[in-house]
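These are the residues of each chain, in order.
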Amino acid sequence: MLEIKNLNFSYNEKILLENININIKSQTFVGILGPNGSGKSTLLKLMLKNLAPKTGEIILFNKNIKDFQLKEFAKICGFVPQNSELKTPLKVLDVLLMSKYIHLKNSFNTYSKKDILEIQELAQMIKINELLQRDVLSLSGGEFQKILLARALLKQPKILFLDEPTSALDLNHAIELLNFCETLIQKQKITIIAILHDLNLASLFCNKLLFLKKGKVRYFGTTKELLKQEILKEIYNLNCKIIYENSKPYILALKEIK
Ligand SMILES: Nc1ncnc2c1ncn2[C@@H]1O[C@H](COP(=O)(O)OP(=O)(O)OP(=O)(O)O)[C@@H](O)[C@H]1O
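Residues numbered from 1 in each chain as written. Predicted model: local features only at pLDDT ≥ 70, side-chain atom pairs only at ≥ 80, totals over all residues. Heavy atoms only, no water.

As annotated in an unreviewed UniProt entry, the protein chain carries the name ABC transporter ATP-binding protein and comes from Campylobacter molothri.

Enquirer: Quick question: what am I supposed to make of the site of the ligand here?
Expert: Around the ligand, the surrounding shell consists of Tyr-11, Lys-14, Leu-16, Pro-35, Asn-36, Gly-37, Ser-38, Gly-39, Lys-40, Ser-41, Thr-42 and His-197. In this structure, an oxygen atom belonging to the ligand sits 2.8 Å away from a main-chain N or O atom of Gly-37. The backbone of Ser-38 places a nitrogen or oxygen atom 3.1 Å from an oxygen atom of the ligand. Burial of the ligand by the protein amounts to 62% of the accessible area it has alone, namely 640 Å². Of all elements in the fold, only strand S2 (14–24) and helix H1 (40–47) reach the threshold of two or more residues within the shell around the ligand. Counting residues per element, the shell around the ligand draws most heavily on H1, which supplies three residues. Per-class residue counts for the shell around the ligand are three nonpolar, seven polar and two charged. (Near = heavy atom within 4 Å. Polar contact = N/O pair within 3.5 Å; in protein donor to acceptor, adjacent residues only side chain to side chain. Areas by Shrake-Rupley, 256 points an atom, 1.4 Å probe, with all protein chains shown as cover. Helix = DSSP H or I, 4+ residues; strand = E, 2+ residues; numbered from the N terminus. Nonpolar A, V, L, I, M, F, W, Y, C, P; charged D, E, K, R; others polar.)

Enquirer: Just to check I follow, could you spell out the sheet that holds S2 for this structure?
Expert: Strand pairing in a sheet takes place through backbone hydrogen bonds and is either antiparallel or parallel in direction. Judged by pairing direction, the sheet is antiparallel, and its four strands sit side by side in the order S2-S1-S4-S5 without closing on themselves. Looking at which strands have only one partner, the edges of the open sheet turn out to be S2 and strand S5 (63–64). Pairing analysis gives seven bridges linking strand S1 (residues 2–11) to S2, with the strands arranged antiparallel. The residue bridging Ile-4 from the neighbouring strand is Ile-22, located in S2. (Pairing = 2+ DSSP bridges.)

Enquirer: Would you take a moment to explain the side chain of Lys-146 for this structure?
Expert: You can see Lys-146 is positioned in helix H5 (residues 141–153). We classify Lys-146 as buried; its relative accessible area is 8%. Residues within four places of Lys-146 in sequence aside, it is in contact with Ile-126, Lys-127, Ile-128, His-173, Glu-176 and Leu-177. (Buried < 20%, exposed > 50% of the residue type's maximum accessible area, 1.4 Å probe, protein only. Contact = heavy atoms within 4.5 Å.)

Enquirer: How should I be thinking about the environment of Glu-182 in this particular structure?
Expert: Turning to its location among the elements, Glu-182 is positioned in helix H6 (residues 171–187). Expressed as a C-alpha distance, the spacing of Glu-182 and Ile-192, which sit ten residues apart in the sequence, is 8.6 Å. Sequence-distant contacts of Glu-182, defined by excluding residues within four places in its chain, comprise Leu-204 and Phe-205.

Enquirer: Sorry, what's going on with the pattern of salt bridges here?
Expert: Working definition: two side chains of opposite charge can pair if their charged atoms are close together. Tallied over the full model, the rule gives seven salt bridges. When the shortest N-O distance is used, the salt bridge between Lys-5 and Glu-57 registers 3.8 Å. Of this pair, Lys-5 sits in strand S1 while Glu-57 sits in strand S4 (residues 55–60); the two residues are 52 residues apart in sequence, bridging distant segments of the chain. Residue class for Glu-57 comes out partly exposed when judged on its relative accessible area of 30%. When the shortest N-O distance is used, the salt bridge between Glu-72 and Lys-63 registers 3.3 Å. (Salt bridge = Lys/Arg side-chain N within 4 Å of Asp/Glu carboxyl O.)

Enquirer: Got a minute to help me understand the pairing of S4 in this structure?
Expert: Put simply, side chains in a regular strand alternate between the two faces of the sheet. As paired strands, S1 and S4 are joined by five bridges and run antiparallel to one another. Counterpart to Asn-8 in the pairing with S4 is Thr-55. The pairing of S4 with S5 spans two bridges and is antiparallel. Note that in S5 the partner of Leu-60 across the bridge is Lys-63. From the end of S4 to the start of S5, which pair antiparallel, there are two residues, and Phe-61 there has a positive phi angle of about 45 degrees.

Enquirer: Would you mind going over the packing of aromatic side chains with me for this structure?
Expert: Given two aromatic rings, one states the distance between the centres and the angle between the planes to describe the pair. Going through the model one piece at a time under the given rule, you end up with three aromatic pairs. Ring geometry for Phe-211 against Tyr-236: centres 6.2 Å apart, planes inclined by 80 degrees, an arrangement best described as edge-to-face. Pair noted here: Phe-211 is in strand S9 (residues 208–213) and Tyr-236 is in helix H9 (residues 229–236), with a separation of 25 residues, a long-range link. Relative accessible area serves as the criterion here: at 0%, Phe-211 is assigned to the buried category. Given the relative accessible area of 24%, Tyr-236 is considered partly exposed. The ring of Phe-73 is capped by Lys-49, whose NZ or CZ atom sits 5.7 Å from the centre of that ring. The residue whose ring lies beneath Lys-208 is Phe-220, and the NZ or CZ to ring-centre distance is 4.7 Å. (Phe/Tyr/Trp six-rings, centres within 6.5 Å; stacked < 30°, edge-to-face > 60°. Lys NZ or Arg CZ within 6 Å of the ring centre and 35° of its normal.)

Below, the structure is given as structure tokens:
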């Protein structure tokens, strides 16, 4: 479904991503992990066509993403950024309605009752229905993150990219949001690619992990295969214990004894 072949990327002379080769099957929850500065956001920007590879290609549904028209690409790919460019005082409902713009046949068309109903249904599901009439600028960080997710989902994307989707959420809300994303994979047959820093959340929700370090793919495999003491030491220089609960690995970070 999404294939990256021999991808290299650099800014000026600085190599940021080197010889990236991965193949992501549909209906997978992929976590992109790695230390700060390892190239996670750069890789996401390349997959979103915000940056262009120096060499190599990114193939989505058998087509090089550079050959997608912007509107066609935007219909297929949903993106939930960490922060948003949204700085204008708009009602949440209006922000969400704007995401339906892409499906309007032409600029003279207007939103339908069906669009409003769809927003209300989704708002119920991700528990933002009480926020619809609020000004986006008045929302808390966590509430805002959920609005960004709703905005991406209303485009009914086939692939959803998330940049640290739980960074502003408490643990309960983080699990609730990722649970919801997991059900989307089954119900709407979408694929999710998320940058995550929390290894335990990655363990709970991701089927596959991509570990980057210094711009290279160090590991790409199943969560069970990769969440191992020696791998986490190699990638993060982390001392940890792995505990298994319902056959899922949990990472217990250890303080270095001096
Ligand atoms: N515009 C730029 N010009 C030069 N270097 C850049 C630019 N953008 C990013 N970098 C560098 O590229 C490297 C990878 O950055 P990137 O943001 O992809 O890392 P990351 O893994 O997402 O990090 P973090 O976990 O801290 O968000 C870093 O060393 C960063 O300083």
